[in-house]
Amino acid sequence: MIFFGFLITLFLFIIFQKLNLKFPIILSVGFCIILVLKIFNISYETYNYSATYLSYFIAPATIALAFPMYKNYHILITNKRILYFSLFLATITAMISTYFCAKLFGADLKVILSLLPKSTTLPIALSISKTIGGYGELTAIIVALTGVFGGVFGHSILKFLKVKNDVAIGLALGSASHVIGTSACANRKKDKQTAASTIALIVVGLLSAIIIPLFKNII
């Protein structure tokens, strides 16, 4: 059973990707995994023991996917001051808005700590959550939901807001919706968006790993 979770997740992902469904692939795979676990009476702990290793491939796979877009990175380098300031601002905004929204709905401190890394890619988010004393399971769920929401609705929201610049779109989706937002850019074959989004998910992940533990000490 050691490779069960790893293999079943990979198998279902490939199947749903081939089917080219209109609704989010991550929800389709997740729903089917729940059914498999229920039907065969397999505990989540058994599944997660091997499936959890898949999360460590997400960021490298996305970066590898974006590597062919290297010709577009010069656009980002020429605007690096604006780029890094915007990503720093995005990190701070996501963290503070999450804190006050959670407070508004009466969440306790441990729940708030679990929600703070929601805009970072899963391996980084889980590491941050563990470091600051959050619930890892809750962090994993909110990271997935944040990514799916951005991946599905992000382009539509930015279009509604009349954001047309590919670099701005990529930075917004990468900083808010991490890997899934980046994948949405790649699926649309938008090279500039994918390049910007890849940079954003990496930088925001690193900034979050530094800033969130500091923020935790003052709340």
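Small disclaimer: the values here were computed from a predicted structure and weren't measured.

A. Region of interest: the overall build of the chain. Scanning the chain for helices and strands turns up 11 helices and zero strands. Here the chain holds 219 residues, and 41% of them are scored as buried. Counting contacts in the chain only where the partners sit at least 6 residues apart, residues at least 24 apart contribute 68% of the total.

B. Highlighting the packing of helix H6 (residues 80–104) against helix H11 (residues 191–216). Relative orientation of the contacting elements H6 and H11 amounts to 50°, with a least axis distance of 9 Å. Judged on the interaxial angle alone, H11 and H6 are oblique. For the pair H6 and H11, the sense of crossing is right-handed. In contact with Leu83, Tyr84, Leu87, Phe88, Thr91, Ile92, Met95 and Tyr99 of H6, H11 contributes Ile199, Ala200, Val203, Val204, Leu207, Ser208, Ile211, Ile212 and Phe215. Here the residues of the contact of H6 with H11 sort into 15 nonpolar, two polar and no charged.

C. Just H6, in detail. A rise of 1.5 Å per residue sets the reference length of H6, with its 25 residues, at 36 Å; its end C-alpha atoms lie 36 Å apart and thus fit the reference within 8%. Three or more residues of H6 are buried, namely Leu83, Leu87, Thr91, Ala94, Met95, Thr98, Tyr99 and Ala102. Among the residues trailing H6, Gly106 stands out with phi positive, at a value near 80°.

D. Molecular detail of a nonpolar patch on the surface. The grouping of Phe149, Val152, Phe153, Ile157, Phe160 and Leu161 at the surface amounts to a nonpolar patch, some 630 Å² of accessible area in total. Along the chain, Ile157 falls in helix H9 (residues 136–160). Its relative accessible area of 38% is what places Ile157 among the partly exposed residues.

E. Layout of the packing of aromatic side chains. Within the structure shown, the criterion is met by three aromatic pairs. With 5.2 Å between their ring centres and 75° between their planes, Tyr99 and Phe100 make a pair best called edge-to-face. A network of ring pairs unites the aromatic residues Tyr99, Phe100 and Phe215 as a single cluster.

Thresholds, definitions, all that
- Residues numbered from 1 in each chain as written.
- Predicted model: local features only at pLDDT ≥ 70, side-chain atom pairs only at ≥ 80, totals over all residues.
- Heavy atoms only, no water.
- Helix = DSSP H or I, 4+ residues; strand = E, 2+ residues; numbered from the N terminus.
- Buried < 20%, exposed > 50% of the residue type's maximum accessible area, 1.4 Å probe, protein only.
- Contact = heavy atoms within 4.5 Å.
- Axes fitted to C-alpha atoms, helices over the stretch in contact; angles between N-to-C directions.
- Parallel < 35°, antiparallel > 145°, perpendicular 65-115°, else oblique.
- Left-handed = near helix turned anticlockwise from the far one by under 90°.
- Nonpolar A, V, L, I, M, F, W, Y, C, P; charged D, E, K, R; others polar.
- Expected span 1.5 Å × (residues − 1).
- Patch = residues over 30% accessible without salt bridge, like charges linked within 9 Å, V, L, I, M, F, W, Y side chains within 5 Å.
- Areas by Shrake-Rupley, 256 points an atom, 1.4 Å probe, with all protein chains shown as cover.
- Salt bridge = Lys/Arg side-chain N within 4 Å of Asp/Glu carboxyl O.
- Phe/Tyr/Trp six-rings, centres within 6.5 Å; stacked < 30°, edge-to-face > 60°.

Taken by themselves, the reported measurements are silent on function.
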